[in-house]
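An overview of the molecular structure
One letter stands for each residue in the lines below.
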Amino acid sequence: MAIKPLIDASTIAQRVTELAHEITNDYLGKELVIVPVLKGSYVFAADLVRYIELDLSVDFLGVRSYGDAQDSSGVVQITTDLSHSIEDKHVILIEDIVDTGLTVSYLFKNLSTRRPASLKLASLLHKPSRTREAVKIDYLGFAVEDVFVVGYGLDHAQKFRNLPYLAVVTGELPPGASQ
Ligand code: IMP
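Figured I'd write up the structure that's included with this text.

Thresholds applied
- Residues numbered from 1 in each chain as written.
- Predicted model: local features only at pLDDT ≥ 70, side-chain atom pairs only at ≥ 80, totals over all residues.
- Heavy atoms only, no water.
- Helix = DSSP H or I, 4+ residues; strand = E, 2+ residues; numbered from the N terminus.
- Rg over C-alpha atoms; globule rule 2.2 N^0.38 Å.
- Buried < 20%, exposed > 50% of the residue type's maximum accessible area, 1.4 Å probe, protein only.
- Contact = heavy atoms within 4.5 Å.
- Areas by Shrake-Rupley, 256 points an atom, 1.4 Å probe, with all protein chains shown as cover.
- Lys, Arg positive; Asp, Glu negative; His and termini not counted.
- Charge placed at Lys NZ, Arg CZ, Asp CG, Glu CD.
- Pairing = 2+ DSSP bridges.

Looking only at helices and strands, the protein chain has three helices and ten strands in total. What you see in the protein chain, going N to C, is helices and strands ordered as β-α-β-α-β-β-β-β-α-β-β-β-β. Scaling as 2.2 N^0.38, a compact globule of 179 residues should have a C-alpha radius of gyration of about 16 Å, and the protein chain matches this with 16 Å. Here the C-alpha coordinates of the protein chain stretch approximately 50 × 35 × 25 Å along the principal axes. The buried share among the 179 residues of the protein chain stands at 47%. Restricting the contact set of the protein chain to residue pairs at least 6 apart, pairs at least 24 apart contribute 65%. Surface summary for the protein chain: the accessible area is close to 8800 Å², and the carbon and sulfur share equals 51%. Within the protein chain, the 23 negative side-chain charges are centred at a point lying 3 Å from the centre of the 17 positive side-chain charges.

Listed below in C-alpha cells is the structure:
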C-alpha cells in the first residue's frame with residue numbers, strides 16, 4: 001500500500017477559507033451551532049471555524065458505521081451524542097466525506113427530529129460516483145473520483161489523519177477504515 005498526494009495544503013486552506021466566508025455571509029445575525037462528525041471531520045472543522053466570523057458554538061457527534069470502508073451499510077450508531085439541545089438553533093453538520101450518502105442521510109433524519117431552526121451540511125469531500133442516497137451538500141470543498149482518500153483528518157485503519165494534505169491510497173484496498 002502506498003499513498004499519492006491528491007490535494008495540497010494550500011489549496012485546501014484556500015477552499016476552506018472560501019467556505020467559511022460563505023457561511024459567515026449566510027448566517028449573519030443568526031445563532032449558529034457547528035456539529036462536526038467525529039472523527040474524520042475534526043481537522044476540517046477546526047480550520048473552518050477559525051475563519052467563520054460569527055458567534056457560534058461547537059458540539060460533536062460521534063458515529064460508528066457498520067459495514068467496511070468500501071461498502072457502507074447505512075446502519076449508523078451514535079457513539080457520542082450532542083451535549084446541548086439544538087432546538088430552534090441553526091445547525092451546520094460537518095462531514096469529512098460524503099461517499100454513499102447513507103451516513104449523512106441517517107444523521108439528517110435523526111437531527112431533524114430535534115427541531116433545529118435549520119439544518120445544513122458542509123463536507124470537505126464528495127464522491128458523486130458512489131451515491132446511493134442523494135444528499136444536498138450546502139458547502140462542499142472538493143468532489144473526488146472513486147478513490148480512497150486519507151489525510152487532513154481522514155484515516156485508513158486510524159492512520160494518516162495527521163497528514164496536512166489529502167492523499168489517495170493506492171495498491172491494496174483498505175480493510176475497514178473508520179470514522
Ligand atoms: P457514507 O455513509 O458511505 O457516505 O460514508 C461516510 C463515511 O465513510 C465517511 O464519513 C468516512 O468516515 C468514511 N469514508 C468513506 N470514504 C472514505 C475515504 O475515501 N477515506 C476515508 N474515509 C472514508
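Here we take up the sheet that holds strand β10 (residues 166-170). In space, the three strands of this open sheet follow the order β1-β10-β9, with antiparallel pairing throughout. Where the open sheet ends on each side, the last strands, each with one partner, are β1 (2-7) and β9 (149-150). Judged from the two bridges that link them, β9 and β10 form a sheet pairing that is antiparallel. Looking across to β10, one finds that Val149 is bridged to Val168.

Limitation: the analysis is restricted to geometry and does not speak to function.
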